[in-house]
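# Summary of the model geometry
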Amino acid sequence: NAGVTQTPKFRILKIGQSMTLQCTQDMNHNYMYWYRQDPGMGLKLIYYSVGAGITDKGEVPNGYNVSRSTTEDFPLRLELAAPSQTSVYFCASSSTLDRGLFGPGTRLTVL
Amino acid sequence: GQSLEQPSEVTAVEGAIVQINCTYQTSGFYGLSWYQQHDGGAPTFLSYNALDGLEETGRFSSFLSRSDSYGYLLLQELQMKDSASYFCAVMIGDNFNKFYFGSGTKLNVKP
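Figured I'd write up the structure that's included with this text. (Residues numbered from 1 in each chain as written. Chains lettered and ligands numbered in written order. Predicted model: local features only at pLDDT ≥ 70, side-chain atom pairs only at ≥ 80, totals over all residues. Heavy atoms only, no water.)

## Regarding the overall build of chain B
- Counting its regular elements, chain B contains zero helices and eleven strands.
- Overall, chain B shows an N-to-C arrangement of helices and strands of β-β-β-β-β-β-β-β-β-β-β.
- Relative to its length of 111 residues, chain B is compact, with a C-alpha radius of gyration of 14 Å against a globular reference of 13 Å.
- Overall, the C-alpha framework of chain B stretches about 45 × 30 × 20 Å when taken along its three principal axes.
- Within chain B, buried positions represent 50% of all 111 residues.
- Across chain B, the fraction of contacts at a sequence separation of at least 24, relative to all contacts at a separation of at least 6, is 57%.
- Summing over all exposed atoms, chain B offers an accessible surface of approximately 5200 Å²; the carbon and sulfur share of this is 46%.
- Computed over 6 positive and 11 negative side-chain charges, the inter-centroid distance for chain B is 6 Å. (Helix = DSSP H or I, 4+ residues; strand = E, 2+ residues; numbered from the N terminus. Rg over C-alpha atoms; globule rule 2.2 N^0.38 Å. Buried < 20%, exposed > 50% of the residue type's maximum accessible area, 1.4 Å probe, protein only. Contact = heavy atoms within 4.5 Å. Areas by Shrake-Rupley, 256 points an atom, 1.4 Å probe, with all protein chains shown as cover. Lys, Arg positive; Asp, Glu negative; His and termini not counted. Charge placed at Lys NZ, Arg CZ, Asp CG, Glu CD.)

Here it is in structure tokens:
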């Protein structure tokens, strides 16, 4: 199993640009999550999903959108990038009452 | 909302024992997890407590007291490679499993 994979690893965006961060897991986990981590801080939950077709907002959803058309994929969309969205983005998945397995992260800079 | 408190930084010497505390205020509490994160890396799961008491996994142990909304991570026989940030995370399980993270404790292990 590859676990949780994220692409791209790094990205620089200009203000106002859009992009999609990709996340795929091959463990058939129902639960998937997107977090952001600012330098020296903890992780903040952006969005989560409990299965294909079901998503909901976390603590900091503004400026982001998600979709879950399959169990494996959970892409995160930034529509109008702002400097405040400069962060490291982690995708994670888990099964019921289990640990969260994290992907390697995407380092995003908005200039 | 959720709030978690843990010390920002702890320093210990190689071979020693260190305890990292975590207090939380939350609703719909399911369990408390601990994650390790090395600089530039992804969080990795260490332990999960759903019931009161001590869970031991090798050199690491984790404790939970639900009545006190308190837990700790105990690291024994510290090694240089244990230098990392450690995060406690509450799992909220009203309908869906969601993890909310503390701000992290940076552990510095010195020779």
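Next comes the rest of the write-up.
## Describing the pattern of salt bridges
Residue and element names in this part refer to chain B.
- Per the counting criterion, the structure on display carries four salt bridges over all chains.
- Between Asp 82 and Arg 59 there is a salt bridge; the shortest N-O distance is 2.8 Å. Of this pair, Asp 82 sits in the loop between β8 (70-75) and β9 (84-92) while Arg 59 sits in the loop between β6 (53-57) and β7 (60-65), and the two are 23 residues apart along the sequence.
- Given a relative accessible area of 2%, Asp 82 falls into the buried group. (Salt bridge = Lys/Arg side-chain N within 4 Å of Asp/Glu carboxyl O.)

## Focus: the side chain of Thr106(A)
Residues and elements named next belong to chain A.
- Of note, Thr 106 is situated in strand β11 (residues 106-110).
- Separated by 2.6 Å, the side chain of Thr 106 and the backbone oxygen of Pro 8 make a polar contact.
- Residues within four places of Thr 106 in sequence aside, it is in contact with Gln 6, Thr 7, Pro 8, Lys 9, Leu 21, Ser 87, Val 88 and Tyr 89. (Polar contact = N/O pair within 3.5 Å; in protein donor to acceptor, adjacent residues only side chain to side chain.)

## So, the interface of chain A and chain B
- On the chain B side, the residues contacting the 24 residues of chain A number 19 residues.
- Summed over the shared surface of chain A and chain B, the number is zero salt bridges.
- At the junction of chain A and chain B, the tally comes to four residue pairs in polar contact (both at pLDDT 80 or more).
- When its residues are assigned to classes, the side of chain A that touches chain B shows twelve nonpolar, eight polar and four charged. (Nonpolar A, V, L, I, M, F, W, Y, C, P; charged D, E, K, R; others polar.)

## A look at the sheet that holds strand β3 (residues 19-25) of chain A
All names here are of chain A.
- Strand order in the open sheet made by the four strands is β1-β3-β8-β7, with antiparallel pairing throughout. Edge positions in the open sheet fall to β1 (4-7) and β7 (64-66), since each of these has one partner strand only. Taken over all neighbouring pairs, the strand axes of this sheet differ in orientation by 20 degrees on average, direction set aside.
- The sheet contact formed by β1 and β3 spans four bridges and is antiparallel. Across the sheet, the residue bridging to Gln 6 is Cys 23, located in β3. (Pairing = 2+ DSSP bridges. Axes fitted to C-alpha atoms, helices over the stretch in contact; angles between N-to-C directions.)

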